[in-house]
Amino acid sequence: MTTVATGTAAHTPAVGTAHTRVEGRDKVTGAARYAGEIPFENLAHGWLALSTVARGRIRALETDTVLGMPGVLAVLDHRNAPRLTTDYTGLLGTPPDPTCAVFQHDRVPHLGWPVALVVAETSEQAREAAEALVVHYDQEPHDVGFTGDHPDAYPLDSHEPAVTGKGDLDAELAASAHVVDREFTTPEEHHSMMEPHAATARWEDGRLEVIDSNQGATWVVGELANLFSLDPASVRVRSEHVGGGFGSKGVRAHQVAAVMAATTLQRPVRVVLTRRQMFSLAGYRSPTTQRVRLGADADGRLRALEHRSLSMTSTVHEFIEPSAGVARVMYDADAHHTANRVVRLDVPTPTWMRAPGEAPGSFALEAALDELAEECGIDPVELRLRNEPAKGPVSGLPFAGRNLPACLREGARRFGWADRDPRPGVRRDGRWLLGTGMAAASFGAGAAPSTATATAHPDGTFTVRIAAADIGTGARTALTLVAADALGVRPERVQVRIGDSDFGPAMIAGGSMGTRSWSWAITAAAGELRERLALGSDIPPQGITVRSDTTAAIGALTPAERHSYGAQFAEVAVDVSTGEVRVRRMLGIFAAGRIVNPLTARGQFLGGMIWGISMALHEEAVRDRATGGHVGADLAGYHVATHADVPHLEADWIDDTDPGDPVGIKGIGEIGIVGAAAAVANAVWHATGVRHRDLPIRPDRVLAASQGATASGGAADA
């Protein structure tokens, strides 16, 4: 029996100092294994066959020929697949997306709907057979046309109410000295993470095990247990490493299909999505049409604010992109009205995508604020400072710290904003017109109940277990630092194990709540363990383990508006003869609570900002109305920002504390993208004198706007 000494008063805190990733060497050497790489004995491979029509019914499948092809073991479709349960409420408080409940009926609600799974001895055999499968359809007319005036649009509640309102909007607009009434659009966007979706399912000793690429093992266990009517204790989900998620890696068709095949064949089955399949099966960000109306007095203070947003969803499941929600926490007005509406079309179901609602919503709102600043003759930074709310504009709750003004002032100082000539279209560098723009940002800082265990070993080391997911954010490393400080030891003495549902329920990696929620649970477990060791507890060979559950503590947190904040500044160069837009430099200053690991935190901020550039200038998934499918559903046709598009980016942060918060950590995964596209768009206006209210700002749109401005003899709107 031994007693392990934890830290002393001289312990140097690990949180707040830069640390390389604890799994970094494994990733760069290839030792880190992803879901599609882990070997299994007697592994079979499944390949999804997808519908080639956008709406209709399956009349027949010619499976006999496919079953006779080399290596083919089975073909699962709606006639022979296991039956699933779908009348339940999932982890996130919503019914399951029926896209997950594959092969339950003969209906086809969109192009790319799973109609069969072909299972074979090798992946190549499965793919060849799936592509050879002949399916006959009774095709029906479809509608994939998303327009802002679609007659079937309706409001839809989500994690927030669909409609909020106070004050007389028409009266306040009529009494305003300055009014802006604009419409903005954003296109369909896709996650496009590096690692495709992959899952392997197997039954062992009466227990289902799924090796998966996901954003929360607890989430996947709950959905699979419900779908297959299993005891959750009989399901184990492991996710060793994840190559990006961005909201897409929840429960999808490929996981369910893998479980079906493993159940049918009683051997391990792996299903991996291709990049093209991900465009119809992995979710996406819905396009939006947004109307923003602002009314201000002569000093630029808002009297009226209206933000209305329309997005689309599928005919089989309701999901809304709540873009109008950003106005509910950013700015107040005597008349304050917001609404999120949705229209059902014959398309796949959208899903959460980095800063859902906030990313497209901030583009519209912050671009409209920039137009109001021009109308008022007030500097855009100053306009936002004048409209700082004293409390939540809709909730009425106090702000648990609102350091947006500090971000705005520090960003303006660092960027050299005071030297800016406010007149548009006056700066040149050879053939390039130069402009600068800015925008403000906010993203909620929530937390969800989680459990964790901390174990002290006789050799002086510690193991922490929590069902967290590191989707590339550096969560493993951050949690190691948090645990080390809670135990009072150096990080080298702590091993953090994650990505296993057997470790107990925990928050998913989503909503910028992962690290905050997991750190809370780890701190509680480690703190209790440290107290026990301080009392001189002897450690048996198996160690001493303490388990925490933060449900009660989170429930007792004082209600308040808790958010991360940011200020985005961008300089662009525009060649109006070619339509090319280049971001020359960009600065983001953030207030995001206690920064655990500056090294990976800066990477998260920069990653979000780069995505904002990509959103502003590149990303756009286009649907062919004739077929209902995408034009160029791959990374050749779907453009994203690359290194050449991002010459000089800086991200930094200011001190940001909440005395009433026992953790002090806020999410940083999404705040970086919020406001970034608006800052770029506002900079393009400053460079050219032309407003672009439709994303992305493509070269053809720049050329058309330039020609329009020339024809009118001045500034124009794109």
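Figured I'd write up the structure that's included with this text. (Residues numbered from 1 in each chain as written. Predicted model: local features only at pLDDT ≥ 70, side-chain atom pairs only at ≥ 80, totals over all residues. Heavy atoms only, no water.)

1. Considering the sheet that holds strand β24 (residues 580–591)
In step 1: Overall, mixed pairing links the 5 strands, which are arranged β17-β18-β23-β24-β25 in an open sheet. The two strands at the open ends of the sheet, each matched to only one other strand, are β17 (427–429) and β25 (649–653). Averaged over neighbouring strand pairs, the angle between their axes works out to 30° when direction is ignored.
In step 2: Against the sheet, helix α15 (residues 598–617) touches β23 (563–575), β24 and β25, its axis set at about 130° to β25.
In step 3: Helix α16 (residues 676–688) contacts β18 (432–444), β23 and β24 of the sheet and is inclined by roughly 155° relative to β18. (Pairing = 2+ DSSP bridges. Helix = DSSP H or I, 4+ residues; strand = E, 2+ residues; numbered from the N terminus. Axes fitted to C-alpha atoms, helices over the stretch in contact; angles between N-to-C directions. Contact = heavy atoms within 4.5 Å.)

2. Observations regarding the packing of aromatic side chains
In step 1: For the coordinates displayed, the defined rule picks out 9 aromatic pairs.
In step 2: Between W219 and W352, the ring centres sit 6.3 Å apart and the planes meet at 80°, which makes this aromatic pair edge-to-face. With W219 in helix α5 (residues 217–227) and W352 in the loop between β16 (335–344) and α9 (358–376), this pair connects stretches of sequence that are 133 residues apart.
In step 3: Residue W219 is classed as buried on the basis of its relative accessible area, which comes to 10%.
In step 4: Each ring, one from F605 and one from W653, has its centre 5.8 Å from the other, and the planes form 45°; the classification is tilted. Linking F605 in helix α15 with W653 in strand β25, this pair joins segments that are 48 residues apart in sequence.
In step 5: On the basis of relative accessibility, which here comes to 0%, the residue F605 falls in the buried class.
In step 6: An aromatic cluster of three or more residues is present, and its members are W219, F319 and W352.
In step 7: Above the face of the W685 ring, R691 is positioned so that its terminal group lies 4.0 Å from the ring centre. (Phe/Tyr/Trp six-rings, centres within 6.5 Å; stacked < 30°, edge-to-face > 60°. Buried < 20%, exposed > 50% of the residue type's maximum accessible area, 1.4 Å probe, protein only. Lys NZ or Arg CZ within 6 Å of the ring centre and 35° of its normal.)

3. Side note on the layout of surface pockets
In step 1: Taken as a whole, the second largest pocket holds about 580 Å³ of empty space.
In step 2: Taken together, 26 residues form the lining of the second largest pocket, with L50, S51, T52, G112 and R276 sitting closest to its centre.
In step 3: Counting only elements with at least two residues in the lining of the second largest pocket, the list comes to β1 (44–50), α3 (123–132), β6 (134–139) and α7 (275–281).
In step 4: Here the lining of the second largest pocket is composed, by residue class, of 13 nonpolar, 9 polar and 4 charged. (1 Å grid on protein atoms, 1.4 Å probe; cavity = no way out; pocket = protein on both sides within 12 Å on 5 of 7 lines; lining within 4 Å. Points joined across faces, edges and corners; volume = space filled by probe spheres on them. Nonpolar A, V, L, I, M, F, W, Y, C, P; charged D, E, K, R; others polar.)

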